[in-house]
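In case you want the letters, here they are:
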Amino acid sequence: NDFYVKEILEKMDVEENILSTSLKEKQYLQDTLEATFYMNSAKIDQVYNEIEGIEHNVIINLCKLGYSVYYHLDAKNHYVMMLENLITNMTDFEIGMYLYFSSVYYMQLEKYKMSLEFVLLYESLRSKEEKLDALFYELSYIVKQRLLVKNSSNVDYEHAMSLFSKYHNVERIMSLALNKCHYLSSENPKCALKTLKTVKVDNLNGDMTDMYNYVKATSEFSLGKNNNAVITLSNIDEHSKFYLRKMNLLYEICLAEGDNKTIDDIKQILNHFTPVNHDISSKVYFNYLTQESQESKKEFLRDIAIPFSIQVEDYKTLKIYTDILMEICMESSRYKEALQFYKKYQKEVSKIQKILY
């Protein structure tokens, strides 16, 4: 309690500026949580502008780490390593903030197993904060979906939605609903489209609007509504984070329609497309799509796509690639080879169980 701390320090003749500085640092961290929770860019910018010049301070560096992961600034990753050695001097709340920001950081790098380990560490803390709980449930859902731990991820989803509703966090509710629709689009596209109808599109920001359109188009394509999917994709422009994914889906639609002219146009565009970090997985998928023979697809999946999925710990894509590879093997009656690929996949997936238990 800040009141009692102030009383004690006054009786100990501690200088007032030391106390006020400590309380101010605590407020910075609380403000960083609030800004992150409500996705308030203006607030997190304000905090960062006030603390940017302060160095060699654990709480301030925690806030800076929060700022860096909020804006996906990979160059700031030294805060993760720096603060790891100082955990023993942190309160439970500070440790929780460190674990959350570090988990988000590793998720952004597509290191999902590492991200999950930080999520699980948070569960062992004795003292927790409800808004931070909500963020961890949301993060846990996304990471577990990528790692195919679906049963417990659904529980995380419900907990996150409940807490976001409690604090009237509409933006997080819509963001999480979009993530769920993204995973449903390939498993149950009808359900995905039904859920998308509950999302208030006018309240979405740029990236979330593009994600909405991409997920909607993916669901429409899965249901054979190719014309609708093309119209939906037209809302995503070339500057979007979802541009490469859009072009991949257009390519698949053209393959289904036999539109060779557009296929050649897309190839011409994407062959010269330089991917950034979040585009590399999509670029790998594009290269798979452009393989012309079953044998070249098989070699690409075996030598590039599957090893890449393992490297970035994206088990959702790993399963897709493995299923395709097994199907190619079985079409040519290579059942033992198909079984070998399946065993390799199972061996990789078993690593997640070791983390969970």
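Structure shown above.
Quick look at the structure, then. (Residues numbered from 1 in each chain as written. Predicted model: local features only at pLDDT ≥ 70, side-chain atom pairs only at ≥ 80, totals over all residues. Heavy atoms only, no water.)

### Description of helix α8 (residues 130–146)
Here α8 spans 25 Å end to end across 17 residues, near enough to the 24 Å set by a 1.5 Å rise per residue. Of all 17 residues that make up α8, 15 are buried, and the element is covered over most of its length. Positive backbone phi, at 65°, marks Leu148, one or two positions downstream of α8. (Helix = DSSP H or I, 4+ residues; strand = E, 2+ residues; numbered from the N terminus. Expected span 1.5 Å × (residues − 1). Buried < 20%, exposed > 50% of the residue type's maximum accessible area, 1.4 Å probe, protein only.)

### Overview of the environment of Lys351
One can find Lys351 in helix α19 (residues 335–356). Distance in space between the C-alpha atoms of Lys351 and Cys254 is 38 Å, their sequence separation being 97 residues.

### Things to note about the side chain of Asp210
Along the chain, the position of Asp210 falls in helix α12 (residues 206–222). Here Ser240 takes part through its side chain, which lies 2.8 Å from a polar atom of the side chain of Asp210. Apart from residues no more than four positions distant in its own chain, Asp210 is found in contact with Asn235, Ile236, Ser240 and Phe242. (Polar contact = N/O pair within 3.5 Å; in protein donor to acceptor, adjacent residues only side chain to side chain. Contact = heavy atoms within 4.5 Å.)

### Re the pattern of salt bridges
Working definition: two side chains of opposite charge can pair if their charged atoms are close together. What the rule picks out here adds up to 16 salt bridges. One salt bridge connects Glu337 with Arg334, and the closest N-O pair in it is separated by 3.9 Å. Its relative accessible area of 36% is what places Arg334 among the partly exposed residues. By sharing partners, the salt bridges in this structure join Lys113, Glu348 and Lys351 into a single network. (Salt bridge = Lys/Arg side-chain N within 4 Å of Asp/Glu carboxyl O.)

### Digging into the packing of aromatic side chains
A full pass over the atoms with the stated rule returns 21 aromatic pairs. With 6.4 Å between their ring centres and 35° between their planes, Tyr285 and Tyr321 make a pair best called tilted. Note that Tyr285 is positioned in helix α16 (residues 280–289) and Tyr321 in helix α18 (residues 315–331), a separation of 36 residues in sequence. We classify Tyr321 as buried; its relative accessible area is 2%. Taken together, Phe37, Tyr38, Phe164 and Tyr167 form an aromatic cluster joined through their ring pairs. Taking the ring centre of Tyr122 as reference, the NZ or CZ of Lys128 above it sits at 5.1 Å. (Phe/Tyr/Trp six-rings, centres within 6.5 Å; stacked < 30°, edge-to-face > 60°. Lys NZ or Arg CZ within 6 Å of the ring centre and 35° of its normal.)

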